[in-house]
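Structural overview
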Amino acid sequence: MTTQQKKINAAKMALKRIKPGMCVGLGTGSTTNEFINLLGQEKQLLKTLRYASSSIQTETFAKKYSIICEDIDQFNQLDVTVDGADEVSRQGEMIKGGGGALLREKMLASISKDYLIIVDDTKMVDYLGDFPLPIEIMNFSPNTTINLLKKAFKAYHLDPEIILRVNSDSSSVITDGGNLILDCHCGQILDPNLLKKKIEEIPNVITSGFFLNMISSVFVGDEKGSTEVFFE
Ligand code: 5RP
């Protein structure tokens with residue numbers, strides 16, 4: 001069984017939660033794309049829905065099924081957002097932003113009644129931090145920001161390597177919002193709540209890839225199918 005098939009198994013379970021007339025947030029990444037592929041087969045259902053997207057990449061992908069995404073400002077609330085993740089802890093804490101869409105993903109999550117995460121079983125972890133924590137910052141002074149971040153991490157006994165995300169031609173990755181991304185190679189993070197607060201207090205930081213206390217359910221795809229893990 002390939003990882004892609006596990007992602008499809010998770011996406012299938014999330015699809016069952018989509019009901020006619022809903023406003024749906026679409027995340028970003030290969031797992032969300034599998035969800036969109038499945039939704040694309042539901043010709044009658046998809047015509048009844050309204051959509052907001054977390055990235056230009058997703059917006060473009062969805063168009064092949066004639067799924068047209070509206071500006072997020074068109075919605076006071078979304079019924080549901082379906083998104084992937086880079087790491088999910090047993091407590092429902094997440095690291096996201098591997099695909100660089102963390103800011104818009106967090107906006108969608110913040111206005112969703114139900115926030116459904118779809119992952120293959122390799123994404124479930126005992127603690128966060130093996131995956132580098134993405135931090136979206138304004139498009140200036142990355143080096144000064146890295147120094148300030150290092151101080152913040154040090155207060156929590158962490159000394160990560162912090163790297164400006166670049167493209168294959170070494171130019172800086174620029175997010176859909178025109179910002180930069182720093183990837184922090186932390187290792188085991190014992191208390192993400194306190195660390196998140198400290199990081200997000202730094203003036204140049206827009207948001208971090210910590211998504212804490214946000215999930216409604218995680219659908220974990222494996223060889224046999226998918227399991228739903230609930231969070232309060
Ligand atoms: C993008 C994300 C993605 O949800 C995350 O990177 C998972 O991607 P994939 O489904 O391709 O493994 O946070 O910013």
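Notes on the structure follow. (Residues numbered from 1 in each chain as written. Predicted model: local features only at pLDDT ≥ 70, side-chain atom pairs only at ≥ 80, totals over all residues. Heavy atoms only, no water.)

As for the packing of aromatic side chains
What counts is decided by this rule: Ring pairs shown here join Phe, Tyr and Trp side chains whose ring centres sit within 6.5 Å, with only the six-membered ring taken for Trp; geometry is labelled stacked below 30 degrees between planes, edge-to-face above 60, and tilted in between. Here, over-ring charges are defined by two tests on the NZ atom of lysine or the CZ atom of arginine: distance to the ring centre within 6 Å, and angle to the ring normal within 35 degrees.
Within this structure, the stated rule accounts for zero aromatic pairs. One residue, K96, lies across the ring of F211, its end atom 5.6 Å from the ring centre. Of note, K106 hangs over the ring of F211, and the distance from its end group to the ring centre comes to 4.9 Å.

A short note on the site of the ligand
To keep it simple, the criterion reads: We call a residue near a molecule or strand whenever a single non-hydrogen atom of that residue lies within 4 Å of it. Under the rule applied, a polar contact is a pair of N or O atoms within 3.5 Å (in protein, one hydrogen donor and one hydrogen acceptor; residues adjacent in sequence only if both atoms are side-chain atoms). Per-residue accessibility takes into account occlusion by the displayed protein chains alone, with areas from the Shrake-Rupley method and a 1.4 Å probe.
Inspection of the region around the ligand gives 17 residues, with S30, T31, D86, G97 and K123 positioned closest. In the model, an oxygen atom of the ligand is placed 3.0 Å from a nitrogen or oxygen of the K96 side chain. In this structure, K123 approaches the ligand through a side-chain N or O atom, which is 2.7 Å from an oxygen atom. Surface burial for the ligand is 90%, taken as the share of its 380 Å² of free accessible area covered by protein chains.

Some words on the environment of T227
Condition: The helix and strand labels rest on DSSP assignments: H or I over at least four residues marks a helix, E over at least two residues marks a strand, and numbering proceeds from the N terminus. Every residue pair with non-hydrogen atoms within 4.5 Å of one another is taken to be in contact.
If you trace the backbone, T227 turns up in strand β15 (residues 226-230). Along the sequence, T227 and Q188 sit 39 residues apart, while their C-alpha atoms lie 26 Å from each other. Ignoring sequence-local partners within four residues, the contact set of T227 consists of M13, V218, F219, V220 and D222.

Observations concerning the pattern of salt bridges
Inclusion rule: Each salt bridge in this description consists of a side-chain nitrogen of Lys or Arg and a carboxyl oxygen of Asp or Glu lying within 4 Å of one another. The rule is simple: take the accessible area with a 1.4 Å probe, protein chains only, and divide by the maximum for that residue type; under 20% is buried, over 50% is exposed, in between is partly exposed.
Throughout the structure, instances matching the rule amount to 14 salt bridges. Across the pair D83 and K96 runs a salt bridge, and its minimum N-O distance is 3.0 Å. With D83 in strand β4 (residues 78-83) and K96 in the loop between β6 (94-95) and α5 (102-110), this residue pair connects regions lying 13 residues apart in the sequence. The burial state of D83 is the same as that of K96; both residues are buried. One salt-bridge network, in which partners are shared between bridges, spans K6, D121 and E223.

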